[in-house]
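Chain by chain, the residues run as shown.
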Protein chains: 2
Amino acid sequence: MERRSFLKLTATGAAALGVAGCEQAGFMPPVQVESAVAEDTSLPAIEWPMATSWPPDLDSIFWSAHLVAERVAALTSGKFKIQPRPAGELASALEVLNVVEEGSVPIGHTVSHYYADRGPVVAFSTGLPFGLTARQQNAWLYEGGGLEILHAAYDSRFNIMQFPVGNSGAQMGGWFNKEINSLSDLPGLKMRIPGMAGQVMERLGVTAQMLPGGEIFQALESGAIDAAEWIGPYEDEKMNFHKVSTNYYYPGWWDPGSSVEVQINLDEWNKLPEQYQEALKSAAYETNLRVTARYDARNPAALHRLINDGGVQLRPFSDDILNAAEESAFALFEETAAADTDFASIYKEWNDFRKAIQSWHGLAERGYLQYVGRSR
Amino acid sequence: MERRSFLKLTATGAAALGVAGCEQAGFMPPVQVESAVAEDTSLPAIEWPMATSWPPDLDSIFWSAHLVAERVAALTSGKFKIQPRPAGELASALEVLNVVEEGSVPIGHTVSHYYADRGPVVAFSTGLPFGLTARQQNAWLYEGGGLEILHAAYDSRFNIMQFPVGNSGAQMGGWFNKEINSLSDLPGLKMRIPGMAGQVMERLGVTAQMLPGGEIFQALESGAIDAAEWIGPYEDEKMNFHKVSTNYYYPGWWDPGSSVEVQINLDEWNKLPEQYQEALKSAAYETNLRVTARYDARNPAALHRLINDGGVQLRPFSDDILNAAEESAFALFEETAAADTDFASIYKEWNDFRKAIQSWHGLAERGYLQYVGRSR
């Protein structure tokens, strides 16, 4: 696609300002606050289409894209409009980063670990297996230097600026067409699981597949795959996975706190007025918080429905699976760090941060959760 | 104090706009985005002083106030300025709500449970003992209808609009000048602990005292009180509590996820241009997220220092204390609901939400936390 600018100025608005200014020249009218704001035409009108990786009926993850757009519009008196489009319209689900990188679409909404073939460093943006919880991921990104080093990597590798816009919290471990009671039940299994988690599963004998959301149900139903992970009860229920598989495992050790993100072509970002950049930043922070809140508020009732109406069985992963997966994950991280200097430079700091914050959250936070869990 | 308006319009700016408009009348200049923004003078200049409950050296909780101000300024090209002032300058630490209510100060930064004498409903805004964690509190406020019912209550009771601007996460259980090994060690203890938690402690034989942050250290040092709770390692360390008391208990069952908030006089809020209201809303969301991230990022190293350099002993509350406190807390909630219809109407919904979300967080989230806690 041809690279073009998405910045448009409202000629009529700017001309109207000139005329109105002339009529008022030489005296100071009794300014009404409301009309002063309504007449604010000095900021440019901009319309950006947004490519996303999502089917439109997933109303938490797709809502994240809409919320970014809605808040940016609210913060710019409607001047800066972003229009999220479902997967397949502007780019296929797994090629959002690519179209933003080349500049044919100015902004995208996706998860970074879909682009693992472009370099392992993208995994830190989504979150690593056995890594950080939602709060820990946000702490690392915003106050642990994480976002800063990711920005440097995305700048040099993809010419992209990015911000997290929603964390799922600890996800479920997905849907399996048979019971997985021990490590020996994994070899030979075909499973939809992307990113480094897929690589970990491969080490445990699973054939990992990378399918976009819109193609998982059919693959599970047809038997092309034996298992699939997606997000959690609320979004999984919409995908109807429980209609073909009722073994629902936990915890999703590969996604303890996964972020979705907006990706913005850096040239387009740099052309934005500073106030619009600030609006997009704030909208991203706000959306990140509100999407997690939405998942947390909607998952309980969905889980209840899945169990009571859907005949779903909750099953914990066995300790031997968790232990082997954790060992494989950290072995993979070490090997990846040895082969990729960008990954290595982030991994060391990320891992130190992880150990420190998990130790702190193991005290008051886990102490409280364990107590209220026990006493109910 | 006399009520006055804090809305100021920039006369010179508006006049300049008129002149600039005339020079351009009749043709459409090649508009530079940067200069178009720089000339945006149609939004009014507003300066608001902000009363806070905090000593200025508490650089997470006071930072929350500064961050709200900084983000509002960034989102309005510097036109809407908020200036946080330490406790004692515009209002004493425990009277922020009062000055905002009467309108002598347009905006405040405080915690609601300081104002328990104004009605028990304020407790839901800060958080209840044995209540919601940080994520659960945000889920309830933003997606569980919590903020909406709180706004109705604050509107009718205080003529105030409010937004959460920072959650501490599960706090520590505070500093005790002697070991508290069982329930029988509590009677007779004088402890700084505000709000409903103080009422719960009273039921366990403690004399609960309500002291602002700036007065706690002296009271603990002089022996006027035997114990005090504040926040967590990072802010507690700045308060120097470990220099007079080394028994540091956990978890802070009374503050599993406490929110600080901004409170805005409703008449002043209603006078704001809509875009400034939206800026303040987004700044509040953003600050809420970033303050938790800052606590999470800074607590681990502070805890390490307290233990290794400060000689602090970490001690868990015994089960008999937790059980008795939990039983007293819910008995207090029931009695309060029976006596106060506002509290009752919120309590039922809040409690249903709490049970549902704690059940969900007891699955994938706690399963993950328990595993990574065990495996380190």
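Structure shown above.
Described below are features of the structure shown in this document. The shown structure was predicted, so the numbers you read here are calculated from the model rather than taken from an experiment.

**Some remarks on the sheet that holds strand 3 (residues 107-110) of chain B**
Residues and elements named next belong to chain B. Ordered in space as 2-1-3-10-4, the five strands form an open sheet in which the pairing is mixed. If you trace the sheet from one side to the other, it starts and ends with strand 2 (80-85) and strand 4 (160-167), each paired once. On average, each strand axis in the sheet is tilted by 25° relative to the strand beside it, whichever way the strands run. Where strand 1 (residues 46-52) meets strand 3, three bridges bridge the pair, whose relative direction is parallel. From the neighbouring strand, Ala 51 faces strand 3, where its bridge partner is Gly 108. Seen against the sheet, helix 6 (residues 134-143) touches strand 4 and strand 10 (259-265) and runs at an angle of roughly 155° to strand 4.

**With respect to the nonpolar core**
Counting 237 residues, the largest nonpolar core has Phe124(A), Leu280(A), Phe124(B) and Leu280(B) as the members making the most contacts within it. Tallying contributions element by element places helix 12 (residues 274-308) of chain A first for this core, with 12 residues. Apart from the residues lying within four places of it in its own chain, the contact partners of Leu280(A) are Trp48(A), Val68(A), Val72(A), Phe80(A), Ile82(A), Ile107(A), Ile264(A), Trp269(A) and Leu272(A).

**Quick word on the pairing of strand 9 (residues 247-250) of chain B**
Looking along a regular strand, one sees the side chains alternate between the two faces of the sheet. Residues and elements named next belong to chain B. On strand 9, burial covers both faces: Asn 247 and Tyr 249 on one face and Tyr 248 and Tyr 250 on the other are all buried. Two elements, strand 5 (residues 174-176) and strand 9, share three bridges in a ladder whose sense is antiparallel. Each bridged residue has a counterpart across the sheet, and for Gly 174 the counterpart in strand 9 is Tyr 249. Strand direction decides the pairing type here: strand 9 and strand 11 (residues 313-316), joined by four bridges, are parallel. Residue pairing across strands places Tyr 249 opposite Arg 315, the latter belonging to strand 11.

**Focus: the pattern of salt bridges**
Residues and elements named next belong to chain A. Tallied over the full model, the rule gives 38 salt bridges over all chains. Note that Glu 365 is salt-bridged to Arg 135, the shortest N-O span being 3.1 Å. Placement of Glu 365 in helix 15 (residues 364-375) and of Arg 135 in helix 6 (residues 134-143) is noted, with a sequence separation of 230 residues between them. Taken individually, Glu 365 and Arg 135 each receive the classification buried, so the pair is uniform in this respect. Put simply, Arg 157 and Asp 342 hold a salt bridge, and the shortest N to O gap is 2.9 Å. Note that Arg 157 is positioned in helix 7 (residues 146-158) and Asp 342 in helix 14 (residues 341-361), a separation of 185 residues in sequence. Since its relative accessible area comes to 27%, Arg 157 is described here as partly exposed.

**Thoughts on the interface of chain B and chain A**
Note: interface size is frequently given as the accessible area lost on complex formation between the parts. On the chain A side, the residues contacting the 93 residues of chain B number 91 residues. Both faces combined, the contact of chain B with chain A buries some 7900 Å², and carbon together with sulfur accounts for 66% of it. Seen at the junction of chain B and chain A, the total is six salt bridges. One salt bridge connects Glu278(A) with Arg71(B), and the closest N-O pair in it is separated by 2.7 Å. Scanning the region where chain B abuts chain A turns up 28 residue pairs in polar contact (both at pLDDT 80 or more). Among the secondary structure elements, those contributing two or more residues to the side of chain B that touches chain A are helix 1 (11-24), helix 2 (33-38), helix 3 (61-75), helix 6, helix 12 (274-308), helix 13 (319-339), helix 14 (341-361) and helix 15 (364-375) of chain B. Among the elements that line the side of chain B that touches chain A, the one with the most residues is helix 12 of chain B, at 19 residues. Of the residues assigned to the side of chain B that touches chain A, the class counts are 50 nonpolar, 23 polar and 20 charged.

**Some details on the relation of the copies chain B and chain A**
Of the transformation superimposing chain B on chain A, the axial component is 0.0 Å and the angular component is 180°, with the fit at an RMSD of 0.0 Å. Taken together, the turn and the small shift mark the pair as related by a two-fold rotation axis. A shared interface surface links the copies, since 98% of the contact residues of chain B are contact residues in chain A too.

**Remarks on the side chain of Glu261(B)**
Residue and element names in this part refer to chain B. Within the element layout of this structure, Glu 261 appears in strand 10. No salt bridge is formed by the buried Glu 261; the nearest opposite charge belongs to Arg 118, separated by 12 Å. For Glu 261, the side chain forms a polar contact with the side chain of Ser 125, separated by 2.5 Å.

**Looking at the sheet that holds strand 6 (residues 190-192) of chain B**
Residues and elements named next belong to chain B. Spatial strand order, 7-6-8-5-9-11: six strands in an open sheet with mixed pairing. Two strands close off the open sheet at either side, each with one partner strand: strand 7 (207-209) and strand 11. One ladder, built from two bridges, connects strand 5 with strand 8 (residues 227-228); its direction is antiparallel. If you follow Phe 176 over to strand 8, its bridge partner there is Ala 227.

Rules used throughout
- Residues numbered from 1 in each chain as written.
- Chains lettered and ligands numbered in written order.
- Predicted model: local features only at pLDDT ≥ 70, side-chain atom pairs only at ≥ 80, totals over all residues.
- Heavy atoms only, no water.
- Pairing = 2+ DSSP bridges.
- Helix = DSSP H or I, 4+ residues; strand = E, 2+ residues; numbered from the N terminus.
- Axes fitted to C-alpha atoms, helices over the stretch in contact; angles between N-to-C directions.
- Contact = heavy atoms within 4.5 Å.
- Core = buried A, V, L, I, M, F, W, Y, C linked by side-chain atoms within 4.5 Å.
- Buried < 20%, exposed > 50% of the residue type's maximum accessible area, 1.4 Å probe, protein only.
- Salt bridge = Lys/Arg side-chain N within 4 Å of Asp/Glu carboxyl O.
- Buried area = accessible area lost by both parts, 1.4 Å probe.
- Polar contact = N/O pair within 3.5 Å; in protein donor to acceptor, adjacent residues only side chain to side chain.
- Nonpolar A, V, L, I, M, F, W, Y, C, P; charged D, E, K, R; others polar.
- Least-squares fit on C-alpha atoms with pLDDT ≥ 70 in both.
- Lys, Arg positive; Asp, Glu negative; His and termini not counted.

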